[in-house]
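A look at the structure
The lines below spell out each chain.
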Amino acid sequence: MTMQQRIEQQLAALAPQHLEVLNESHMHSRGQETHYKAVIVSEQFAGLNSVKRHQKVYATMGELMGEIHALAIHTYTAEEWAKVGVAPASPVCAGGGH
């Protein structure tokens, strides 16, 4: 199972209406699976601010977070997702050898 699949499997616990996990390692590192982006649409985020949403994602990811260098998290409720429809693009890595 790839790291991307493992992340998707963990995040499925949030019962997402939409889940997109992108491996963005090619933008940051040479041959390492270290950088990911997750777009999660779940009603479990309703009433939570962005910090609490991210804490919920980190808790759901558990020990898997320690196996990757970076996870860009974009969380939405179904209503919010209907308005935006797309997550922001990830910035180009400034280096750092990760």
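Scroll up to find the structure this text is about.
In what follows, the accompanying structure is described.

The rules behind these values
- Residue positions are given per chain, counting from 1 as you read along its sequence in written order.
- Where local features are concerned, this predicted model is filtered to residues with pLDDT of at least 70; where side-chain atom pairs are given and counted, the filter is 80 or more; whole-chain, interface and lining totals use all residues.
- Hydrogens and water are ignored here; the side-chain numbers use all heavy atoms of the structure.
- When a residue's accessible area, from a 1.4 Å probe over protein chains only, is under 20% of the maximum for its type it is buried; when over 50% it is exposed; and in between it is partly exposed.
- Only DSSP runs of H or I reaching four residues or more are called helices, and only runs of E reaching two or more are called strands; each is numbered from the N terminus.
- Directions drawn from the helix axis to the C-beta atoms are what define this arc.
- A contact between two residues is defined here by any heavy atoms of the two lying within 4.5 Å.
- Only buried residues count toward a nonpolar core. Its members are Ala, Val, Leu, Ile, Met, Phe, Trp, Tyr and Cys residues joined through side-chain atoms within 4.5 Å.
- Note on pairing: two strands pair once DSSP finds at least 2 bridges between them.
- Every crossover in which the path from the first strand over the helix to the second runs clockwise, viewed with the strands pointing away from the viewer, is termed right-handed.
- The axes are straight lines fitted to the C-alpha atoms, using for helices just the contacting stretch, and the angles between their N-to-C directions are given from 0 to 180°.
- When describing relative orientation, an angle under 35 degrees is termed roughly parallel and one over 145 degrees roughly antiparallel, while 65 to 115 degrees is termed roughly perpendicular and anything else oblique.
- Put simply, a crossing is left-handed when the front helix is turned counterclockwise from the back one by less than a right angle, and right-handed when it is turned clockwise.
- Residue type decides the class: Asp, Glu, Lys and Arg count as charged, Ala, Val, Leu, Ile, Met, Phe, Trp, Tyr, Cys and Pro as nonpolar, and the leftover types, Gly among them, as polar.
- Expected helix span is computed as 1.5 Å times (number of residues minus one).

1. A closer look at helix α1 (residues 3–11)
Taken as a whole, α1 has its buried residues at Met3, Ile7 and Leu11. Down the axis of α1, the sector holding all buried residues measures 70 degrees, keeping them to one side. On its buried face, α1 is in contact with β1 (18–23), β2 (35–41) and α2 (50–61).

2. Let's talk about the nonpolar core
In this structure, Ile7, Leu11, Val57, Met61 and Leu71 are the most contacted members of the largest nonpolar core, which totals 15 residues. Those elements that provide at least two residues to this core are α1, β2, α2 and β3 (70–76). Dropping the residues within four chain positions of it, Ile7 is found in contact with Val21, Tyr36, Met61, Leu64 and Ile68. Judged by nonpolar contacts, the second largest core, of five residues, contains Val41, Tyr76, Trp81 and Ala87.

3. Points about unusual backbone geometry
Most peptide bonds take the trans form, and the phi angle of most residues other than glycine is negative. If you check the backbone angles, Ala15 has positive phi at about 50 degrees while not being a glycine. Secondary-structure assignment places Ala15 in the loop between α1 and β1.

4. Observations concerning the pairing of β3
For β3, a buried count of five out of seven residues is recorded, marking the element as mostly surrounded by other parts of the structure. Judged from the seven bridges that link them, β2 and β3 form a sheet pairing that is parallel. Directly across from His35, in β3, lies its bridge partner Ala70. In the classification by handedness, the crossover that spans β2, the intervening α2 and the parallel β3 is right-handed.

5. Here's the deal with the packing of α1 against α2
Look at α1 against α2: their axes get within 8 Å of each other, and the N-to-C directions meet at 115 degrees. Considering their axes alone, α1 and α2 lie roughly perpendicular with respect to each other. In terms of crossing hand, the pair formed by α1 and α2 is right-handed. Contacts between α1 and α2 involve Ile7, Gln10 and Leu11 from the former and Val57, Thr60 and Met61 from the latter. Residue composition of the contact of α1 with α2, grouped by class: four nonpolar, two polar and no charged.

6. Focus on α2
Because an α-helix completes one turn every 3.6 residues, residues spaced three or four positions apart along the sequence face the same direction. Taking 1.5 Å as the rise per residue, α2 with twelve residues should run 16 Å; its terminal C-alpha atoms sit 16 Å apart, in good agreement. Every buried residue of α2 is listed here: Arg53, Val57, Thr60 and Met61. Viewed end-on, α2 has its buried residues packed into an arc of 100 degrees, placing them on one side of the element. Turned more than 90 degrees from where α2 packs its buried face, Val51 and Ala59 sit exposed. Residues of α2 that are buried in the fold lie against α1, β2, β3 and α3 (78–84). Looking one or two places after α2, you find Gly62, whose phi comes out positive at around 60 degrees.

Structural measurements only, silent on function.
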